[in-house]
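Now for the letters of each chain:
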Amino acid sequence: MSAPMPLDQASTLPFWRRPITLLFMMALAMPIAFNGWSLLLNNFVKEAANFDGADIGVLHTIREIPGFLAVGVIAVIMFVREQVLGLVSLILLGVATALTGFFPAMGGILTLTMLSSIGFHYYETVNQSLQLQWLPKDRAPQMLGWLLAAGSAMTAVVYVIVILLWEPLNLTYNAVYVGAGMATTVIALLCMLLYPQFEAPHPQVKKLILRRRYWLYYALQFMAGARRQIFVVFAGFMMVEKFGFKVHEIAWLYLINLGINMAVAPVLGQIVARYGERKTLIFEYAGLALVFLAYGGLYWFSWGVALAATLYVIDHIFFGLALALKTYFQKIADPGDIAPTAAVAFTINHIAAVFLPVLLGLLWVVSPPLVFALAASMALISLALACLIPRHPEPGNETIFARLVTPAPAQ
């Protein structure tokens, strides 16, 4: 990387070397390793180490510990620029993914899961911070939607390769993990060499901060982390355990999911820009509550695989609306708070992730539908919290209560 360049001078660079292009390159790189890993995960652990619901819960608890420790990013950026840390984290994610297939036993799987998770969570923490610092507020929802679509497109490429080549070439788990991991690593290394270090106009606070006026954002992050575990850990595992999906069948499901998301993601950004964060998040959480209840119905009423696949796709679309939570924070935050609060928010988001997968894994062994019923209740709590977001959030107007407790300025 070259010497730091002020963000307002980046417009003098060729388009392919500007900050927005770097954000797109990173958005393309991360899904290759992460989604290549997650696509094969449920089948890999079932075949290689005979995991059951409790074991998969332990694995995901291990995977989420680095997310809980994401607050450590604040200490690291005292010595390393966020942009550099983000790319180094991508390299760690890629290398750990590439090695996964060489250790097909519980100890090896858990160790490499921890390493890849450190890369993934530190990257995500820094990436969110850079997005909110580099994107102008008036265009952030639309650009975040396009970044989401770009990541979905690259994930679709990974899934198409697996679908087309898994059976004809008799691919192994190891081959896919090596290919996906090394692709991410190479892209990250190229980004380190080809892009200057961009200097945002507002220096970031490099210490732990917890501001009372961000309390609603913290609460929504906590609930989002708890709720996400149901989808990430158990929705996919259900497709393998209950309905017997094979690797290429899971890939087809994911590909359909992504095709819809590539078309919908830019629209999601426009929805947030038009209707605001409050209405968007209320709609998301109400829809998720219904989806989770329907997941339970797959067990209670023996509904079929077609409905299960449909619910899985709808579930993923609703989660795309979570970009509204990012723009809500961007609107209420002091510019210098973005990096430290992104780290704190990631830790808060992962508090439940450290213990929920294990506990819910044990509950899953007893009654899978109860896991989804609990997720529906979490979505309803999130809905109640979203109702506290004002129509036009800004500093001093973070919740619908803010105007009631803040004295009016003297005339």
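Heads up: the structure comes first, above all this text.
Computed from a prediction, not measured in an experiment: that's the story for all the values here.

S.K.: Quick one: what's the story with the overall build of the protein chain, residue by residue and with numbers?
M.R.: Per the secondary structure count, the protein chain includes 15 helices and two strands. Its C-alpha atoms give the protein chain principal-axis dimensions of about 70 × 50 × 35 Å. The proportion of buried residues among the 411 residues of the protein chain is 56%. Excluding contacts between residues fewer than 6 apart, the proportion of contacts in the protein chain whose partners are at least 24 apart in sequence is 87%.

S.K.: Before we move on, can you summarise the packing of aromatic side chains with the specific residues and values?
M.R.: Within the structure shown, the criterion is met by 18 aromatic pairs. Ring geometry for Tyr217 against Phe329: centres 4.6 Å apart, planes inclined by 20°, an arrangement best described as stacked. Residue Tyr217 is located in helix α8 (residues 215-241), and its partner Phe329 is located in helix α11 (residues 323-332); the two are separated by 112 residues in the primary sequence. No difference in accessibility class separates Tyr217 from Phe329, as the two residues are buried. Clustering of aromatic rings is evident, with ring pairs tying together Phe234, Phe292, Tyr295, Tyr299, Trp364 and Phe372. Here the basic side chain of Arg17 rests over the ring of Trp16, its NZ or CZ set 5.8 Å away from the ring centre.

S.K.: If you had to explain the nonpolar core to someone new, which residues and values would you point to?
M.R.: Within the largest apolar cluster, 131 residues are counted, with the highest numbers of intra-cluster contacts made by Leu90, Phe198, Phe292, Tyr295 and Phe372. With 19 residues, the single largest contributor to this core is helix α9 (residues 247-300).

S.K.: Before we move on, could you go through the pattern of salt bridges and cite the residues and values that matter?
M.R.: If the charged atoms of two oppositely charged side chains come close together, the side chains can form a pair. This structure, assessed with the given rule, holds five salt bridges. Taking the shortest distance from any N to any O, the salt bridge between Arg81 and Glu199 comes out at 2.9 Å. Of the two residues, Arg81 is situated in the loop between α3 (73-76) and α4 (82-99) and Glu199 in strand β2 (residues 198-199); the sequence distance between them amounts to 118 residues. According to the relative accessible area criterion, Arg81 is partly exposed, its value standing at 32%. Between Glu398 and Arg213 there is a salt bridge; the shortest N-O distance is 2.6 Å.

S.K.: Explain the environment of Tyr123 residue by residue, including any values.
M.R.: Mapped onto the secondary structure, Tyr123 falls in helix α5 (residues 106-134). The exposure class assigned to Tyr123 is buried, which follows from its relative accessible area of 1%. Those residues within four positions of Tyr123 in sequence are excluded, and the remaining contacts are Met26, Ala27, Met30, Gly86, Ser89 and Leu90.

S.K.: Which residues make up the environment of Ala180, and what values go with them?
M.R.: With respect to the helices and strands, Ala180 occurs in helix α7 (residues 173-194). Sequence-wise, Ala180 and Ala386 are 206 residues apart; in three dimensions their C-alpha atoms are separated by 37 Å.

S.K.: So what's going on with the packing of helix α1 (residues 19-49) against α5? Which residues, and what values?
M.R.: Orientation of α1 relative to α5, taken along the N-to-C sense of each, is 155°, at an axis distance of 11 Å. Relative to α5, the element α1 is oriented roughly antiparallel. Here α1 runs over α5; the crossing is left-handed. Packed against α1, whose contacting residues are Pro19, Leu22, Leu23, Met26, Ala27, Met30, Phe34, Trp37, Phe44, Val45 and Ala49, the element α5 presents Met106, Ile109, Thr113, Phe120, Tyr123, Glu124, Asn127, Leu130, Gln131 and Trp134 at the interface. Here the residues of the contact of α1 with α5 are counted per class, giving 17 nonpolar, three polar and one charged.

S.K.: An account of unusual backbone geometry is needed here, citing residue identities and associated values.
M.R.: Most peptide bonds take the trans configuration, and most residues that are not glycine carry a negative phi. With phi around 50°, Asn170 is a residue other than glycine that occupies positive phi space. Within the fold, Asn170 resides in the loop between α6 (140-165) and α7. If you check the backbone angles, Ser302 has positive phi at about 55° while not being a glycine. When you line up the elements, Ser302 lands in the loop between α9 and α10 (305-320).

S.K.: Got a sec to walk through α4? Specific residues and values, please.
M.R.: For α4, spanning 18 residues, the distance from its first C-alpha to its last is 26 Å, which sits close to the expected 26 Å at 1.5 Å a residue. Most of α4 is tucked away, with 14 of its 18 residues classed as buried.

S.K.: Mind laying out the packing of α1 against α4, listing which residues take part and the relevant values?
M.R.: Between two packed helices, what matters for the description is the angle formed by their axes and the separation of those axes. Where α1 meets α4, the axes come as close as 9 Å, and the angle between the chain directions of the two elements is 25°. As judged from the angle between their axes, α1 and α4 are roughly parallel. Pair α1 / α4 crosses with left-handed handedness. When α1 is examined against α4, the residues Leu22, Met26, Ala29, Met30, Ala33, Phe34 and Trp37 are found in contact with a partner set consisting of Gln83, Leu87, Leu90, Leu93, Gly94 and Thr97. Residues belonging to the contact of α1 with α4 are distributed by class as follows: 10 nonpolar, three polar and no charged.

S.K.: So what about the environment of Leu253? Which residues, and what values?
M.R.: Within the secondary structure layout, Leu253 lies in helix α9. On the basis of relative accessible area, Leu253 is assigned to the buried category, the value being 5%. Along the sequence, Leu253 and Ala309 sit 56 residues apart, while their C-alpha atoms lie 6.9 Å from each other.

Rules used throughout
Residues numbered from 1 in each chain as written. Predicted model: local features only at pLDDT ≥ 70, side-chain atom pairs only at ≥ 80, totals over all residues. Heavy atoms only, no water. Helix = DSSP H or I, 4+ residues; strand = E, 2+ residues; numbered from the N terminus. Buried < 20%, exposed > 50% of the residue type's maximum accessible area, 1.4 Å probe, protein only. Contact = heavy atoms within 4.5 Å. Phe/Tyr/Trp six-rings, centres within 6.5 Å; stacked < 30°, edge-to-face > 60°. Lys NZ or Arg CZ within 6 Å of the ring centre and 35° of its normal. Core = buried A, V, L, I, M, F, W, Y, C linked by side-chain atoms within 4.5 Å. Salt bridge = Lys/Arg side-chain N within 4 Å of Asp/Glu carboxyl O. Axes fitted to C-alpha atoms, helices over the stretch in contact; angles between N-to-C directions. Parallel < 35°, antiparallel > 145°, perpendicular 65-115°, else oblique. Left-handed = near helix turned anticlockwise from the far one by under 90°. Nonpolar A, V, L, I, M, F, W, Y, C, P; charged D, E, K, R; others polar. Expected span 1.5 Å × (residues − 1).

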